[in-house]
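# Structural overview
Residue strings, one per chain:
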Amino acid sequence: MVLTGARPEGQRKRPHKSRGRPDPSNLKPGLAARQAASRLLSAVTESRASLDGLLDPAGGNPAFTGLGDQDRLLVRAILLSALRHLQVIDAFVDRLVDNPLPEGAKALRQVLRVGAAQILYLDVPDRAAVDLAVTQADSDPRNRRFAGLVNALLRRMAREKDVLLPEITASTPDFPDWFESRLRSAYADHADAILAILSEPPAIDLTVKSDADGWAARLGGVVLPTGSVRIGRQEGPVSGLEGFEDGAWWVQDAAASIPAQLFSRLEGLDIVDLCAAPGGKTAQLALAGARVTACDQSQTRLERLRGNLARLGFDVTTQLTRAQDLVAPEGFDGVLLDAPCSSTGTVRRHPDIPYTKGAEDIMRLARVQRDLLDHASGLVRPGGELVFSNCSLDPEEGEEMVAGFLTDHPAWSIRPVDAARWPGLETAITAKGEIRTHPAMLGNDDPRLAGLDGFYAVVLVRS
Ligand SMILES: C[S@@+](CC[C@H](N)C(=O)[O-])C[C@H]1O[C@@H](n2cnc3c(N)ncnc32)[C@H](O)[C@@H]1O
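About the cut-offs
- Residues numbered from 1 in each chain as written.
- Predicted model: local features only at pLDDT ≥ 70, side-chain atom pairs only at ≥ 80, totals over all residues.
- UniProt positions renumbered as here; feature names shortened; annotations may be inferred.
- Helix = DSSP H or I, 4+ residues; strand = E, 2+ residues; numbered from the N terminus.
- Contact = placed C-beta atoms within 7 Å.
- Core = buried A, V, L, I, M, F, W, Y, C linked by C-beta atoms within 7 Å.
- Buried ≥ 20, exposed ≤ 12 C-beta atoms within 10 Å, placed from the backbone.
- Domains from an automatic or database assignment.

Here the UniProt-annotated "binding site: S-adenosyl-L-methionine" (unreviewed entry) positions come out as C275, A276, A277, P278, G279, G280, K281, D296 and D338. Taken together, the annotated residues stretch across 64 residues yet fold into one region, lying no more than 13.0 Å apart by C-alpha. Among the structural elements, A276 can be located in the loop between β5 (270-273) and α12 (280-287). With near-sequence residues (within four places) excluded, A276 lies in contact with T282, A294, C295, D296 and L305.

Side chains that are nonpolar tend, in soluble globular proteins, to be buried together. Grouped together as the largest cluster of nonpolar side chains are 84 residues, with contacts concentrated most on L274, V335, L337 and F388. Per element, the largest residue contribution to this core is six residues, and it comes from strand β12 (residues 455-462). Each of domain 2 (203-252) and domain 3 (255-462) accounts for three or more of the residues forming this core. Once residues within four sequence positions are removed from consideration, L274 is found in contact with C295, A323, L326, V335, L336, L337 and A376. Counting residues in each nonpolar core, the second largest holds 48 residues, with A82, Y121, A152 and M157 among its members.

Right, let's get into unusual backbone geometry. Excluding glycine, residues mostly have negative phi values, and the peptide bonds linking residues are mostly trans. Look at the link from A277 to P278: it is a cis peptide, with omega at 10°. Note that P278 resides in the loop between β5 and α12. Located in the positive-phi region is R48, a residue other than glycine, with phi close to 55°. Here R48 is to be found in the loop between α1 (31-47) and α2 (51-54). Judged by C-beta crowding, with 13 C-beta atoms within 10 Å, R48 ranks as partly exposed. A positive phi angle, near 55°, is found at D211, a position not held by glycine. Looking at the secondary structure, you find D211 in the loop between β1 (205-208) and α11 (212-219). Taking the C-beta count within 10 Å as the criterion, D211 has 13 such neighbours and is therefore assigned partly exposed.

Structural data, given as C-alpha cells:
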C-alpha cells in the first residue's frame, strides 16, 4: 500500500501566519496537548531528557507547564502510554509504510507515535485522534507535506488494530536491546515475567504512620508484607484522598520502604540520610524516633523534602551537601545511603528510563555509588550500621558493587537480613542476606495490584 492520504473529510488547510509558538488557547481543543506531547517525546527519545524533569510543575518544559490542568493530564497519559509501548508503536508504524520513514523525519515520527498511542492504548475516539494528528502535521512546516501520509496511516492503524496489534505485540521486544539483554542476563528465570509487568502502569503504595489495616479499609486497599498499604490506581491526584492533608501517610513504593526498616534500632539514635530527597526514607526514620540529618546535593529537591516533611509533621535537620563532602567527626549511629542509580527498578513508574539511560550509565553510576559508599563507611560510629540501597535492577550497581567494597574493606561485612522479619518476601532475600526485589514479585491476578519496584538493599557493619 502506498500511503499518500488526502486530508480527512471536511478538513481544510489552516493558514500559517506565524512561526512563533502559538497561544494554546487559540488552538483546536487538544492540539496544544498533542504538540506538547510530541515535543516532550522528542526530548526524551532524541535528547535523553528525563520525563520527571520535563513534567516538573516548577521547573519543567514550558510546552507542558503552560497548559491547563486537563491538557496536562492528557499529555502525561499520552507520554506514559507512548513510552510503555514505544517499540510496538514504532513496529506498527513501520508495518504500514511501504518505504521506511525518511531518516530526517524525526518530527513526523513523534506525531505518529502520539497519534498511535491514542488510537492503540487510550480511550480517545479514533476519528478524533486521526483528525488531530493531521491538523498537527499540517500546522508544522516540517510535517505539512506528510499530512496525507499521517491521515492514511493512522486511519489504517485504527481499522486494523484489532487484528494487527496482538500479532505485532507478540513479535516485538518490549524494550530497547541494552535494557532487555542486561535484564535477561541478570534474571534468567524471571526475565519474561519482569518484562511482561513492566509495561503495566504501577499500583500506588502508601507508607502509613500507623494503623495500616484501618487505612487499607478506609482507602479500599490491601496491606503488603512491608506494612505498606496498596490502593491500586487512582483517577485523580492522591492529594485528594483521605489522610493526605493530615499527613497520615505518604506515597512510597513498598520496595522503597524496605531499606529504612533494615536498621536494627532507630529510636533516639543519630541517623544520617545521605541522599535524602524527596524524603520518603527520611520520614520513615523520623517516624521510628531517630534524630535525622537529611542531606542532598540538590537545593530544589531538598526544598521538596522540607515541604513533604512539614506536611507529615516531622522535624529533621536538613543539610545541602554532596554526600562525599559531608564531614562529621563524631559520626552517626546509622548511615543510610540510598544512592543515585540508573533507576531501572522503577520502569513501570518511569517508562522513559530505557530510552534515557544506557549500559554506559550503569557502569558510571556503579563507580559513583562505590565512591559514595567508601565515604559513607567513614561516617559510621563503632558498632553502628550502614544501610546501602538503590532502585536499580542491575547487579553491577548492587550485589557486585558491594562485593567489591567488601573485598577492599575487610573489616566490613554484611549483617544478614532476618527472613522471619519479612514473611511473604522470603524470595527477596539473597544467599548472603541482602534484599533483592524485582517487579515480578508480589504477584496478583489483577496486574493493577501486582508487582514491586526493583530494589537492592544491604546492611553493612564493621567488625
Ligand atoms: C534515589 S533519590 C533518593 C530518594 C530518597 N532517599 C527517598 O527515599 O525519598 C537520589 C537523591 O540523591 C541525590 N544525590 C545524587 N548524588 C548525590 C550526592 N553525591 N550527594 C548527595 N545527594 C546526591 C539526588 O539529588 C536525589 O535527590
